[in-house]
Amino acid sequence: MYTQELLPGLDPKEPLIIAGPCSAESEEQVMATARELASYGAKVFRAGIWKPRTKPGGFEGVGTVGLPWLQRVKEETGMYVATEVATKAHVEAALEAGIDLIWIGARTAANPFAMQEIADTLAASGKDVPVLVKNPVNPDLELWIGAIQRIQNAGIKRVGAIHRGFSAYGKHLYRNLPQWHIPIELGRRIPNIPIICDPSHIGGSRELISPLSQQAFDMGFDGLIIESHCNPDKAWSDSAQQVTPAALNLIVNSLVPLNGADPDTTQNLPLLRQEIDRLDNELIELLGKRMGVCREIGQYKKEHGMKVVQGGRYSDMMQHRQKLASDMGMGEEFIRRVYAAIHEESVRQQIDVFKKDNK
């Protein structure tokens, strides 16, 4: 664990847990959440003051009016306080307010000009505030490393990384794909850098936070940053991925420790399992696209008076697929069963098109 390098007074034997609402909405909401988190032993409180939104018109944070709320959290609970910054003005305001830790979001980390502006502002401040850099939205390790190096080159000694997953087009199990091999490679390229996992943004739903947290823990991550709200369903932003402080406490206390094992020896199996999950997701997506083509074929057959099932076509296809599977080390009987099921679903999809057109 390298988290003791970020903030003094933290137990180096324990993973760093940063918790709090996605957005600071009101002083009452901030204090209610902070008090409950503190009652469960939380040490670092997070809340978004400025919120970058994909499209205009959404809630973009309360702005500097919320900084005194974080100061009150610090004074009344003793917790460290953290928030996200994206501009020179954000950095200056956060440092003036005595924010203990700042992080840089995925959109900002992907912009070298913005990163350099933040780095220059930090350098000019003369303050060595801890800075965590989220991975860029796209899976570009070099861009992530470059963003971190800009902060390090500004003279900041306490620099860490946040793994929040990577954007991908289409429907997926996760809001952002984990691609665990990228943060693991980051740790290899920059030894001893604290790496914090953000299961809230990876999963995008509260049900996935616990298993994702355990996966990160299994792979030797140094901590977690999790969104927690006193009333998640009423949250003004990202309500689906926030948990109550009580639920967060349960998640953290349910984590199974590594029992002192070397993380390097425990990373391979979870990483391979994650690769299986990724490939299974891709397989399901490809099958969905295949069935879409089958429905188009069904429409064509309907319009041209053709039968749904073309026996000769299926036999030729099966012979080719079995040969290809055999060449790749898979059993011909296995692929026969797989394609029998795929063909059955393909026929069903085409029949549905026929029924729909006949209504």
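If you're wondering where the values come from, they're calculated on a predicted model, not measured in any experiment.

Whenever I open this one, unusual backbone geometry confuses me. Can you help?
Excluding glycine, residues mostly have negative phi values, and the peptide bonds linking residues are mostly trans. Of note, the phi angle at Asn192 is positive, near 70°, even though the residue is not glycine. Within the secondary structure layout, Asn192 lies in the loop between α7 (181-189) and β7 (195-197). For Asp238, which is not a glycine, the phi torsion comes out positive at approximately 50°. Among the structural elements, Asp238 can be located in the loop between β8 (223-227) and α10 (245-254).

For this particular structure, what's the right way to read the packing of helix α1 (residues 27-39) against helix α2 (residues 67-77)?
Relative orientation and spacing of two packed helices are given, respectively, by the angle between their axes and the distance between those axes. Two numbers describe how α1 lies on α2: the axes approach to 10 Å, and their chain directions differ by 30°. Overall, the two elements α1 and α2 adopt an arrangement that is roughly parallel. The crossing of α1 and α2 is right-handed. Contacts between α1 and α2 involve Glu27, Val30, Met31, Ala34, Arg35 and Ala38 from the former and Trp69, Leu70, Arg72, Val73, Glu76 and Thr77 from the latter.

Would you explain the packing of helix α6 (residues 141-153) against α7 in this entry?
Orientation of α6 relative to α7, taken along the N-to-C sense of each, is 50°, at an axis distance of 10 Å. When the axis of α6 is compared with that of α7, the two are oblique. You can see that α6 and α7 cross each other, and the crossing is right-handed. Packed against α6, whose contacting residues are Leu141, Glu142, Trp144, Ile145 and Ile148, the element α7 presents Ile182, Pro183, Glu185, Leu186 and Arg189 at the interface. Across the contact of α6 with α7, the residue classes tally to seven nonpolar, no polar and three charged.

Sorry if this is basic, but what is going on with α6 here?
One full turn of an α-helix is made of 3.6 residues, so residues set three or four places apart face in the same direction. The first and last C-alpha atoms of α6 sit 18 Å apart over 13 residues, in line with the 18 Å expected at 1.5 Å per residue. Where α6 is concerned, the buried positions are Leu141, Trp144, Ile145, Ala147, Ile148 and Ile151. Each buried residue of α6 lies within a common arc of 160° when the element is viewed along its axis, so the set occupies one face. Packed against the buried residues of α6 are β4 (101-104), α4 (106-109), α5 (112-125), β5 (131-134), β6 (159-163) and α7. Once α6 finishes, Gly155 follows within two positions and takes phi at roughly 95°, a positive value.

Help me out: how do you make sense of the packing of aromatic side chains in this one?
In the structure shown here, the tally under the stated rule is two aromatic pairs. Seen in terms of ring centroids, Phe59 and Trp236 are 5.2 Å apart; in terms of plane orientation they differ by 85°. Their pairing is edge-to-face. Of this pair, Phe59 sits in the loop between β2 (44-46) and α2 while Trp236 is found in the loop between β8 and α10, placing the two residues 177 residues apart along the sequence. Taken together, a centroid distance of 5.6 Å and an interplanar angle of 85° make the contact between Trp180 and Phe221 edge-to-face. Separated by 41 residues along the polypeptide, Trp180 in the loop between β6 and α7 and Phe221 in the loop between α9 (209-218) and β8 bring together distant segments of the chain. In this structure Phe221 comes out as buried when scored by relative accessible area, which is 5%.

Could you clarify how one ought to interpret the sheet that holds β8 in this entry?
Sheets are built from strands paired through backbone hydrogen bonds, the pairs being either parallel or antiparallel. One closed barrel accounts for eight strands, arranged β1-β2-β3-β4-β5-β6-β7-β8; its pairing is parallel. For this sheet, the mean angle separating the axes of adjacent strands, direction not counted, is 30°. Pairing of β4 with β5 involves three bridges; the strand directions are parallel. Counterpart to Trp103 in the pairing with β5 is Leu132. Along the sheet, α1 makes contact with β1 (16-20) and β2, crossing β2 at roughly 155°.

Each value, and the rule that gives it
Residues numbered from 1 in each chain as written. Predicted model: local features only at pLDDT ≥ 70, side-chain atom pairs only at ≥ 80, totals over all residues. Heavy atoms only, no water. Helix = DSSP H or I, 4+ residues; strand = E, 2+ residues; numbered from the N terminus. Axes fitted to C-alpha atoms, helices over the stretch in contact; angles between N-to-C directions. Parallel < 35°, antiparallel > 145°, perpendicular 65-115°, else oblique. Left-handed = near helix turned anticlockwise from the far one by under 90°. Contact = heavy atoms within 4.5 Å. Nonpolar A, V, L, I, M, F, W, Y, C, P; charged D, E, K, R; others polar. Expected span 1.5 Å × (residues − 1). Buried < 20%, exposed > 50% of the residue type's maximum accessible area, 1.4 Å probe, protein only. Arc of directions from axis to C-beta. Phe/Tyr/Trp six-rings, centres within 6.5 Å; stacked < 30°, edge-to-face > 60°. Pairing = 2+ DSSP bridges.

Read these as layout, nothing more, since geometry by itself doesn't imply function.
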